[in-house]
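Now for the letters of each chain:
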Amino acid sequence: LEDIDTFLNESGFKFSEADGEIEMSLTKQVGDKTIEVKFESRMPTPDEEQPEDEGQAEQEEEEGMSENYVDFTILITDNSGRKGLIIEATSMDTEINYNSVMTTDDVKLHSSTHRFERQLRTYAGPEFSTLDERIQSSLTEYLEGFGVNEHLCAFVEVMSLDKDQRLYMNWLNQLKDFTQV
């Protein structure tokens, strides 16, 4: 909890979640823009819970097959709250990989659609990795100016697993309560 509070205090993000729901978000105002980072709870993989073979887990990490990842969406809107960017990203071991950067005149409309459906309906921009390196660097620096960095990724990774654990514990309690005679 101390690390969570430290991150929130130092980054300026406000964390929000609703009981019983899988979605969480971080928001803050930076100049005349608003940034919102949306992410969902995710179940740990069996290897995260109890690695059967430590050597195998180390070998997988060396090969880049880490299971410590989370997908998230970054929404940046102008002061009108309509125009902006929708960035799809993945964090793996606190390293950010951007997938796409979509420009839109209606962030609210497009953000209410699931990312897979959104990519089928609307041009989400080219794959980030195919962009010219100068554009990739500029966009990465731009996002860092909003606080999108390894600290944010660590928070998102930890909270996505933590939320799943809390939802699971609540489910177990509800199941127990319902089935007790």
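Relevant structure appears above.
Note that the coordinates shown come from a computational prediction; the quantities given were computed from them, not determined experimentally. (Residues numbered from 1 in each chain as written. Predicted model: local features only at pLDDT ≥ 70, side-chain atom pairs only at ≥ 80, totals over all residues. Heavy atoms only, no water.)

Turning our attention to the overall build of the protein. Each helix and strand counted, the protein has seven helices and six strands in total. Ordered by position from N to C terminus, the α and β elements of the protein give α-β-β-β-α-α-β-β-β-α-α-α-α. Here the protein, with 181 residues, has 36% of them falling under the buried criterion. Residue pairs in contact within the protein that sit at least 24 positions apart in sequence constitute 53% of those at least 6 positions apart. Accessible area for the protein stands at about 11,700 Å²; split by element, carbon and sulfur atoms hold 48% of it. (Helix = DSSP H or I, 4+ residues; strand = E, 2+ residues; numbered from the N terminus. Buried < 20%, exposed > 50% of the residue type's maximum accessible area, 1.4 Å probe, protein only. Contact = heavy atoms within 4.5 Å. Areas by Shrake-Rupley, 256 points an atom, 1.4 Å probe, with all protein chains shown as cover.)

Okay, the pattern of salt bridges next. Taken as a whole and assessed by the stated rule, the structure comprises six salt bridges. Note that aspartate 106 is salt-bridged to arginine 82, the shortest N-O span being 3.5 Å. Of the two residues, aspartate 106 is situated in the loop between strand S6 (95-104) and helix H4 (107-111) and arginine 82 in the loop between strand S4 (69-77) and strand S5 (84-92); the sequence distance between them amounts to 24 residues. The salt bridge partner of aspartate 132 is arginine 134, with a shortest N-O separation of 3.0 Å. (Salt bridge = Lys/Arg side-chain N within 4 Å of Asp/Glu carboxyl O.)

With 29 residues, the main nonpolar core has Leu26, Val37, Phe39, Phe72 and Ile74 as its most contacted residues. Looking at this core, the elements with two or more residues in it are helix H1 (2-11), strand S2 (23-30), strand S3 (33-40), S4, S5, S6, helix H6 (133-144) and helix H7 (150-179). Ranked by residue count, the leading element in this core is H7, at five residues. If we skip the residues at most four places from it in the chain, leucine 26 touches Phe7, Leu8, Phe13, Lys14, Phe15, Ile35, Glu36, Val37, Phe39, Leu152, Phe155 and Val156. (Core = buried A, V, L, I, M, F, W, Y, C linked by side-chain atoms within 4.5 Å.)

By way of backbone hydrogen bonds, the strands of a sheet pair with one another, either parallel or antiparallel. Taken in spatial order, the six strands line up as S1-S2-S3-S4-S5-S6 in an open sheet, and their pairing is antiparallel. Unpaired on one side and paired on the other, strand S1 (14-17) and S6 mark the two borders of the sheet. Averaged over all pairs of adjacent strands, the angle between strand axes in this sheet comes to 20°, irrespective of strand direction. Across nine bridges, the pairing between S5 and S6 is antiparallel. (Pairing = 2+ DSSP bridges. Axes fitted to C-alpha atoms, helices over the stretch in contact; angles between N-to-C directions.)

Turning our attention to unusual backbone geometry. A positive phi angle, near 50°, is found at aspartate 93, a position not held by glycine. Residue placement: aspartate 93 occurs in the loop between S5 and S6. Despite not being glycine, threonine 94 shows a phi value in the positive range, around 65°. In this fold, threonine 94 is placed in the loop between S5 and S6. The class for threonine 94 is partly exposed, based on a relative accessible area of 30%.

A cluster of nonpolar side chains, Tyr168, Met169, Trp171, Leu172 and Leu175, forms an exposed patch at the surface whose accessible area comes to about 470 Å². By secondary structure assignment, the location of methionine 169 is in helix H7. Classification of methionine 169 as partly exposed rests on a relative accessible area of 41%. (Patch = residues over 30% accessible without salt bridge, like charges linked within 9 Å, V, L, I, M, F, W, Y side chains within 5 Å.)

Just geometry here; none of it tells us what the structure is for.
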